[in-house]
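# What the coordinates show
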Amino acid sequence: MHLIVTEKDLAAKRIAEILSDGAASAAKVAGANAYRFDSTVVLGLRGHIVKLDFPDGYRDWKTNLHDLIRADVVTVPTHKNIVSGLKRAAKEADRVTIATDFDTEGELIGLEACTIVKSVKDVGVDRVRFSAMTPVEVTRAFQSPAGIDLNLAYSGEARQAVDLIWGAALTRFISTAAKRLGNRFLSAGRVQSPTLALIVDRERVIAQFVAEPYWEVHVDLSKDGETFHAKHQADRFQDKATAAAAMDNIDDTATVLAFAKSERVDAPPKPFNTTEFLAAASALGISASRAMDTAERLYTAGWISYPRTDNTVYPSELDLRVLVGMFTSGPFAENARTLLQKKQLVATRGKKQTTDHPPIYPTMRATQTDLEPQSWKVYELVVRRFFATLSDAARWCTKKATLDSHGERFKATGLELSHQGWRYHYPYARTQERHLPDLDTGEVLAVANKQLVQKETQPPQRWGQGQLIKKMEELGLGTKSTRHEIITKLAQRGYVDVSPLRPTGIACRVTQSLERYAPTITKPEMTRLLEEEMEKVKAGHLSKEFVVVNSRDMLDKVLSTLDERHEEISTALQQGLRDDATVGTCPECGSNLVVRRSKRGGRFVGCSGYPKCTFGLPLPKSGRLRITARKCKQHDMRLIKVQSGKRYWDLGCPQCNYTSWKEKNNGTSA
Ligand SMILES: [Zn+2]
Ligand SMILES: [Zn+2]
């Protein structure tokens, strides 16, 4: 029997379908999902079915951390039913083919499966690799199997070990110091902590930002009944008096001093790698983790190529014309025909070129009825981006005018799209057009309106998920496969509110403590160094043991510094947690309002001045409460979110919430 092992059940189904021409049928092997045809069984794993963990003696959080990080980590099964299914199938197999995803994680999952297989039977194991789940690609891969790339798998294993050791040691240290154990623990980690520090630092810049007022002087001018806008050349006036003087100076007319037209070339975008894809999806309002999930499903079903890739250059083997040709009917027919009219299809190239996977491109034509709405949105984005990368530059006509009104200089600009180019295919990137009529030097125009506008300087904006992922890539934090997961984890741990990314109070406290007493943990340098070492493991220049030992030494030093400052860290964190639990100030006595429990087990916002003060506001019975950093402007109370399961809902300001509840109830009883 020929046993084929894939990373997920869906992939097993798809590969069995392709290899058997649709003749395969579902068949369970022990607890694992499998598909059978002729004398072949295709078995789907569930990603990793084993994990690294500390041996039994080290589970206790009281274990000395210096001992913990030196402990030998062991492999334990996480999906026992699939492990036993794999063993059962392996016993009957005379050939095993690993067909997991083609990347570090996939190679490691393959090696894990291979180890399980070899533990029950000494059988030949080979490996197939492909970047698209299409009949052509899969069949080609099965015609030329190779071996498992051990170095690639080892680099994945080194990462797992290092992340486990760092995560466990730092999390235990921080949680113990804050006296937050059990399910309310505070996590920290090798990639997580520097990423959180980025968000916290950004918030700090925003908080320290002092808005400064400035003034602008605008005029509306008219030509042949058409009005356009011009702004004073001084742009921003720092004081009102100067701006007002300029304003007073303006005449009923303005003379055109100069007018120029030019053309701006707007180059088409680069092919999608994971980071660029996630950034674009996030701009459409799809969170990074949802976008990645959706893209993976689209890949497994054969619609798009493998979505985990750093590459931004299409390989020369990719027949672009054939790919565009798939779309000559269906919803993108117009787009495809436009592109095929070109004599030659030349694609844009990004800066990163790798050989493992191509950039993300569509591998099959779908119509809207083939996919769920969310999947369609992502698929359409991939198709449109692909078209855009093969398209001409867009062209803009820009106009610039300088005008004078009684000695005051004004400037006006116009921007019009003169050639759509790639923007025809990719309507997501919007730039507003601004109309400016053609003007002649020396022409005198009537001033229709003038305005003095007060504005203030704005703080930098909080990051969206896509921007943060780009920043992480720039700093070498995490990998294409893990960056979006890190953000999800930070949200789950109560460290950030997503979209836009905003740290919670405790996130700031933990980061401050680490920055102050063990800055290496929050800086990207150390984790980038480890990433570089892991690249060397991939290339076979370093052993995984060396990397793990080296990172243990690094962590040992970090822990020693933390140990020395244990008291200070503990005090700071506990103070932070208390501040964090404060909802606001009591309107009746001025003490702190905190979340309290009633004798009957209910919860409410109560006054810490109790029993002297009995002020209270109700809270919902169930769900985990999260006191956010934002405040109600009217009551100066912090807004509350309630987590039930994986979802959050906004309770908002507890005072506003109670007032509106009371009004509604009075309404119904009246
Ligand atoms: Zn009170
Ligand atoms: Zn309120």
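It should be noted that the structure appears before, not after, this text.
Keep in mind it's a predicted model, so treat the numbers as computed, not measured.

### Describing the coordination of the zinc ion (ligand 2)
For a metal bound by four donors in tetrahedral geometry, the ideal donor-metal-donor angle is 109.5 degrees, whereas six donors in octahedral geometry ideally sit at 90 or 180 degrees. Protein coordination at the zinc ion (ligand 2): the donors are Cys632 (SG), His635 (ND1), Cys653 (SG) and Cys656 (SG), at 2.0 to 2.4 Å from the metal. Taken together, the 4 donor atoms surrounding the zinc ion (ligand 2) define angles of 106 to 113° at the centre, an arrangement classified as tetrahedral. Each donor residue of the zinc ion (ligand 2) lies on one chain, and together they are spaced C-x2-H-x17-C-x2-C. With His635 in the loop between β21 (624–631) and β22 (638–644) and Cys653 in the loop between β23 (647–652) and α20 (654–669), the pair connects residues that are 18 residues apart, well separated along the chain.

### Some thoughts on the sheet that holds strand β7 (residues 95–98)
Strands sit in the order β2-β3-β4-β1-β7-β8 across an open sheet of 6 strands; the sheet is mixed. Edge positions in the open sheet fall to β2 (25–29) and β8 (125–127), since each of these has one partner strand only. Averaged over all neighbouring strand pairs, the angle between strand axes comes to 30°, with direction disregarded. Relative to β7, strand β1 (residues 2–6) runs parallel, the two sharing 4 bridges. Bridge pairing links His2 to Arg95 in β7. Sitting on the sheet, helix α1 (residues 9–20) is in contact with β1, β3 (32–37) and β4 (40–44), with an inclination near 0° to β3.

### Some thoughts on the packing of helix α9 (residues 274–283) against helix α10 (residues 288–300)
For the pair α9 and α10, the least separation of the axes is 9 Å and the interaxial angle reads 120°. Crossing handedness for the pair α9 and α10: right-handed. Touching Thr274, Phe277, Leu278 and Ala281 of α9 are Ala288, Ala291, Met292 and Ala295, all from α10. Residues belonging to the contact of α9 with α10 are distributed by class as follows: 7 nonpolar, 1 polar and no charged.

### Considering the side chain of Lys480
Along the polypeptide, Lys480 turns up in the loop between α14 (465–475) and α15 (483–492). Here Lys480 falls in the buried class, since its relative accessible area comes to 13%. Filtering out sequence-adjacent residues up to four positions away, Lys480 remains in contact with Thr274, Arg308, Thr309, Asp310 and Asp356.

### Quick word on the coordination of the zinc ion (ligand 1)
In the first shell of the zinc ion (ligand 1), the protein supplies Cys586 (SG), Cys589 (SG), Cys607 (SG) and Cys613 (SG), at 2.2 to 2.4 Å from the metal. Geometry at the zinc ion (ligand 1) is tetrahedral, judged from the 4 donor atoms that bind it and their angles of 92 to 115° at the metal. The sequence motif formed by the donor residues of the zinc ion (ligand 1) is C-x2-C-x17-C-x5-C. You can see Cys589 sitting in the loop between β17 (582–585) and β18 (592–597) and its partner Cys607 sitting in strand β19 (residues 603–607), a full 18 residues away along the chain.

### Quick notes on the environment of Ile98
Along the chain, Ile98 turns up in strand β7. Sequence-wise, Ile98 and Pro519 are 421 residues apart; in three dimensions their C-alpha atoms are separated by 42 Å. When residues no more than four places from it in sequence are discounted, the contact partners of Ile98 are Val5, Gly110, Ala113, Cys114, Val125, Asp126, Arg127, Val128 and Ile148.

### Observations concerning the layout of surface pockets
Roughly 900 Å³ of internal volume is contained in the second largest pocket. For the second largest pocket, the lining is made up of 25 residues, of which Arg180, Arg184, Arg624, Leu625 and Arg626 are closest to its centre. Counting only elements with at least two residues in the lining of the second largest pocket, the list comes to α19 (566–580), β18 and β21. Looking at the lining of the second largest pocket residue by residue, the classes come out as 9 nonpolar, 6 polar and 10 charged.

### A look at the packing of aromatic side chains
Within the structure shown, the criterion is met by 15 aromatic pairs. Ring plane angle 70° and centroid distance 6.3 Å describe the contact between Trp303 and Tyr379, whose orientation is recorded as edge-to-face. Note that Trp303 is positioned in the loop between α10 and α11 (320–325) and Tyr379 in helix α13 (residues 373–389), a separation of 76 residues in sequence. On the basis of relative accessibility, which here comes to 15%, the residue Trp303 falls in the buried class. With centroids separated by 6.0 Å and ring planes inclined at 20°, the aromatic side chains of Tyr658 and Trp661 adopt a geometry described as stacked. On the criterion of helical spacing, the pair formed by Tyr658 and Trp661 is a turn pair, its members being 3 residues apart in helix α20.

### Here we look at the sheet that holds β17
Taking strand neighbours across the sheet as the criterion, the 4 strands line up as β17-β18-β19-β20 in an open arrangement whose pairing is antiparallel. The two strands at the open ends of the sheet, each matched to only one other strand, are β17 and β20 (616–618). Put simply, the sheet's adjacent strands are angled 30° from each other on average, direction ignored.

### Regarding empty space enclosed by the protein
Within this structure, the stated rule accounts for 2 cavities of 30 Å³ or more. Volume-wise, the largest cavity comes out at about 40 Å³. Mapped onto the lining of the largest cavity, the elements with two or more residues apiece are α7 (192–208) and α16 (505–517). With 3 residues, α16 is the single largest residue contributor to the lining of the largest cavity. Along the lines of polarity and charge, the residues of the lining of the largest cavity split into 5 nonpolar, 4 polar and no charged. When its volume is computed, the second largest cavity comes out at roughly 30 Å³. For the second largest cavity, the full set of lining residues is Thr274, Thr275, Leu278, Ile469, Thr479, Lys480, Arg483 and His484. At the level of elements, α9 and α15 are the ones that each hand at least two residues to the lining of the second largest cavity. Residue classes in the lining of the second largest cavity are distributed as 2 nonpolar, 4 polar and 2 charged.

### So, the pattern of salt bridges
Across all of its chains, the model carries 38 salt bridges by this definition. A salt bridge links Arg140 to Glu137; its shortest N-O distance comes to 3.7 Å. Separated by 3 residues within a single helix, Arg140 and Glu137 lie in helix α5 (residues 135–143), roughly one turn from each other. For Arg140, a relative accessible area of 39% gives the class partly exposed. Connected through shared salt-bridge partners, Lys51, Asp53, Asp56 and Arg59 make up one network.

### Regarding unusual backbone geometry
The step from Tyr610 to Pro611 runs through a cis peptide bond, and the omega angle for that step is 5°. Assignment of secondary structure puts Pro611 in the loop between β19 and β20. With a phi close to 45°, Asp38 is a non-glycine residue in the positive phi region. The residue Asp38 is located in the loop between β3 and β4 in this model. The class of Asp38 is exposed, set by a relative accessible area of 78%. We note that Asp224 has phi near 50°; this positive angle belongs to a residue other than glycine.

Each value, and the rule that gives it
- What you see as residue numbers is a count from 1 along each chain, following the sequence as written.
- A letter from A marks each chain and a number from 1 marks each ligand, given out in the order of writing.
- At least 70 in pLDDT is required for a residue's local features to be given in this predicted model, at least 80 for side-chain atom pairs to be given and counted, and no such filter applies to totals for whole chains, interfaces and linings, which use all residues.
- The basis for the side-chain values is all heavy atoms of the structure; hydrogens and waters are excluded.
- Donor criterion used throughout: N, O or S atom within 2.8 Å of the metal, extended to 3.2 Å for Na, K and Ca. Water excluded; incomplete-looking sites may result.
- Under the classification used here, a metal with four donors is tetrahedral if each angle lies between 85 and 135 degrees, square planar if opposite donors are over 155 degrees apart and the others between 65 and 115, a six-donor metal meeting that same test is octahedral, and anything else is irregular.
- Note on conventions: DSSP H or I runs of at least 4 residues are helices, E runs of at least 2 residues are strands, and numbering of each starts at the N terminus.
- At least two DSSP bridges between two strands are required for those strands to pair.
- Lines fitted to C-alpha atoms define the axes here, with helix axes fitted over just the stretch in contact, and angles between the N-to-C directions of these axes take values from 0 to 180 degrees.
- Should any heavy atoms of two residues lie within 4.5 Å, those residues are considered in contact.
- By convention the crossing between two helices is left-handed if the near helix lies anticlockwise of the far one by an angle smaller than a right angle, and right-handed if it lies clockwise.
- For this classification, the nonpolar set comprises Ala, Val, Leu, Ile, Met, Phe, Trp, Tyr, Cys and Pro, the charged set comprises Asp, Glu, Lys and Arg, and every other residue, Gly included, is treated as polar.
- To sort residues, take the accessible area from a 1.4 Å probe on protein chains only and compare it with the maximum for the residue type: under 20% means buried, over 50% means exposed, and anything in between is partly exposed.
- Both cavities and pockets are sets of points on a 1 Å grid over the protein atoms alone; in a cavity a 1.4 Å probe fits but cannot get out, in a pocket the set is open with protein on both sides within 12 Å along at least five of seven lines, and lining residues sit with an atom within 4 Å of a point.
- Grid points are joined across faces, edges and corners, and a volume is the space filled by probe spheres set on the points.
- Pairing of aromatic side chains requires ring centres within 6.5 Å, counting the rings of Phe and Tyr and the six-membered ring of Trp. Pairs whose planes differ by under 30 degrees are stacked, by over 60 edge-to-face, and all others tilted.
- Whenever a carboxyl oxygen of Asp or Glu lies within 4 Å of a side-chain nitrogen of Lys or Arg, that contact is scored as a salt bridge.

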